[in-house]
Amino acid sequence: MSGTWVFKDGVLRLVENPSSDGTRGKQLVHVSSGERITSYQMLESKLLPLGWERYYHDPELLQYHKKSSIHLISLPQDFSKFKSIHMYNIAIMNRNEFEVQDI
């Protein structure tokens, strides 16, 4: 999987191009356990001990906020729509806890 960084309306985002064989090219990994994040339930079990709290304001998104910061993680409800841009967002907000790896 490859992509192109696009700057539009003041926001930089990665537009992904699906690979020809349909496989995903990135995975989110919890560094200390070495586990690949394969579901939102698994992700939440790693985020909550780090001080992230679940927000329930938007039924179309999964959202997490950390009281000690202004950061907000917003994810699509459907895990199949969890893309590398979401993975990088989590990894950047939780340095040394998560990393994005090539598959």
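Provided above is the structure to which this section pertains.
Here the residue numbering is sequential within each chain, running from 1 through the sequence in written order. Thresholds applied to this predicted model are a pLDDT of at least 70 for local features of residues and 80 or more for the giving and counting of side-chain atom pairs; totals over whole chains, interfaces and linings are not thresholded and use all residues. Only hydrogens and water are removed before side-chain values are computed, so all heavy atoms of the structure are retained for them.

## As for the pattern of salt bridges
In step 1: By definition here, a salt bridge exists when the distance from a side-chain nitrogen of Lys or Arg to a carboxyl oxygen of Asp or Glu is within 4 Å. A full pass over the atoms with the stated rule returns four salt bridges.
In step 2: We note a salt bridge from lysine 26 to aspartate 102, for which the minimum N-O separation is 2.4 Å. Here lysine 26 is found in strand S3 (residues 26–30), whereas its partner aspartate 102 is found in strand S8 (residues 98–102), with 76 residues between them in sequence.
In step 3: Taking the relative accessible area as the measure of exposure, aspartate 102 reaches 56% and is therefore exposed.
In step 4: One salt bridge in this structure joins lysine 67 and glutamate 53, with 3.7 Å as the shortest N-O distance. Highlighted residues: lysine 67 in the loop between strand S6 (61–66) and strand S7 (72–76) and glutamate 53 in strand S5 (residues 52–55), separated in sequence by 14 residues. Secondary structure follows DSSP: runs of H or I at least 4 residues long count as helices, runs of E at least 2 residues long count as strands, and numbering of each begins at the N terminus. Partly exposed residues are those whose accessible area sits between 20% and 50% of the maximum for their type, while under 20% is buried and over 50% is exposed, using a 1.4 Å probe and protein chains only.

## Points about the sheet that holds S8
In step 1: Overall, antiparallel pairing links the three strands, which are arranged S4-S3-S8 in an open sheet. The strands lining the two open edges of the sheet, one partner per strand, are strand S4 (35–36) and S8.
In step 2: Two strands are said to pair when DSSP picks up at least two bridges between them. Relative to S8, S3 runs antiparallel, the two sharing five bridges. Among the inter-strand pairings, histidine 30 is bridged to a residue of S8, identified as phenylalanine 98.

## Focus on the side chain of asparagine 94
In step 1: Among the secondary structure elements, asparagine 94 is positioned in the loop between helix H2 (84–93) and S8.
In step 2: Think of a polar contact as two N or O atoms within 3.5 Å of one another; within protein, one of them needs to be a possible hydrogen donor and the other a possible acceptor, and neighboring residues in sequence only count if both atoms come from side chains. Among the polar contacts listed, one links the side chain of asparagine 94 to the backbone oxygen of isoleucine 90, at a separation of 3.0 Å.
In step 3: In this analysis, two residues are considered to be in contact whenever any of their non-hydrogen atoms come within 4.5 Å of each other. For asparagine 94, the contacting residues outside a window of four places in its chain are Leu47, Leu50, Trp52, Lys66 and Ile73.

## As for unusual backbone geometry
In step 1: Of note, the phi angle at asparagine 96 is positive, near 70°, even though the residue is not glycine.
In step 2: Tracing the sequence through the fold places asparagine 96 in the loop between H2 and S8.

## Examining the sheet that holds S6
In step 1: Strand order across the open sheet formed by three strands is S5-S6-S7, with antiparallel pairing between neighbours. Every interior strand has two partners, whereas the edge strands, S5 and S7, have only one. The average undirected angle you get between the axes of adjacent strands in this sheet is 25°.
In step 2: Relative to S7, S6 runs antiparallel, the two being bridged by five bridges. Its bridge partner being in S7, leucine 62 is matched across the sheet by leucine 75.
In step 3: Along the sheet face, helix H1 (residues 40–47) touches S5, S6 and S7 and points at about 170° away from the line of S7.
In step 4: Between N-to-C directions, angles cover 0 to 180 degrees, with each direction set by a line fitted to C-alpha atoms, over the stretch in contact for helices. On top of the sheet, H2 reaches S5 and S7; it is set at about 160° to S7, its chief contact.

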